[in-house]
Amino acid sequence: METKVNLVLRILLFSITLGWLLHIIGETAFLKNQETEAIVQLNQDTLLVTEEEIGEVRIVTATYYNPVKEQCNSNPLITASGKEIDIELLERGELKWIAVSRDLLKIYKYGDIVRVTCDHDPSINGDYEITDTMNKRFKNKIDLLWPVGMKGKGKWEGVQIAKVIN
């Protein structure tokens, strides 16, 4: 039988693992997984989390960019990480890459996979690879790589990102 002290320690460790999730999201957060879900009772509130390991959840602003000189540099098909953008893969939706602001690049690195979750526009939800860096004037922001000519909402506030730990 588990003592109250053990239960409190487990809840504390769980909260630390999820970092700002409890602080930012509040009472209830849902992270989807195709396999199993662990349920934790905390002050009569239920928090559903997946068993898949993810890093600390951060709340950012998301925008999108196209690989064109006006939005990038003189060589828009080469990202800051050195990867080359395959336009055909991008247009088919098979290339899910993002640029991050320089402050986030201190936390994440090129090649990291982050899960993007936007409650008010699930069309941008998914796992993206960090391959590029935004201009130094941006802070706490991500930029989704979209095909040339593709238009969208343009800006999403309150987007959650978390590193997927494989």
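Now for a description of the structure that goes with this document. (Residues numbered from 1 in each chain as written. Predicted model: local features only at pLDDT ≥ 70, side-chain atom pairs only at ≥ 80, totals over all residues. Heavy atoms only, no water.)

**Side note on the overall build of the protein chain**
What the protein chain contains, in helices and strands, is four helices and eight strands. Reading the secondary structure of the protein chain in the N-to-C direction produces α-α-β-β-β-α-β-α-β-β-β-β. When the 166 residues of the protein chain are sorted by exposure, 38% land in the buried category. Here the analysis covers contacts within the protein chain between residues at least 6 apart in sequence; of these, 67% occur between residues at least 24 apart. Counting every atom, the protein chain has about 10,400 Å² of accessible surface; 52% of that belongs to carbon and sulfur. (Helix = DSSP H or I, 4+ residues; strand = E, 2+ residues; numbered from the N terminus. Buried < 20%, exposed > 50% of the residue type's maximum accessible area, 1.4 Å probe, protein only. Contact = heavy atoms within 4.5 Å. Areas by Shrake-Rupley, 256 points an atom, 1.4 Å probe, with all protein chains shown as cover.)

**Some details on the packing of aromatic side chains**
How two aromatic rings sit relative to each other is given by the distance of their centres and the angle of their planes. Enumeration over the complete set of coordinates arrives at two aromatic pairs. Among the aromatic residues, those joined into a cluster by ring pairs are Tyr-64, Trp-146 and Trp-156. (Phe/Tyr/Trp six-rings, centres within 6.5 Å; stacked < 30°, edge-to-face > 60°.)

**Describing the pairing of strand 3 (residues 58-65)**
Of all the eight residues making up strand 3, six are buried; the element is thus mostly covered by neighbouring parts of the structure. Here five bridges tie strand 3 to strand 8 (residues 155-163), and the two strands are oriented antiparallel to one another. If you follow Ile-59 over to strand 8, its bridge partner there is Gln-160. In this structure, strand 3 lies alongside strand 7 (residues 141-145), joined through five bridges in parallel fashion. The partner of Tyr-64 across the bridge, within strand 7, is Leu-144. (Pairing = 2+ DSSP bridges.)

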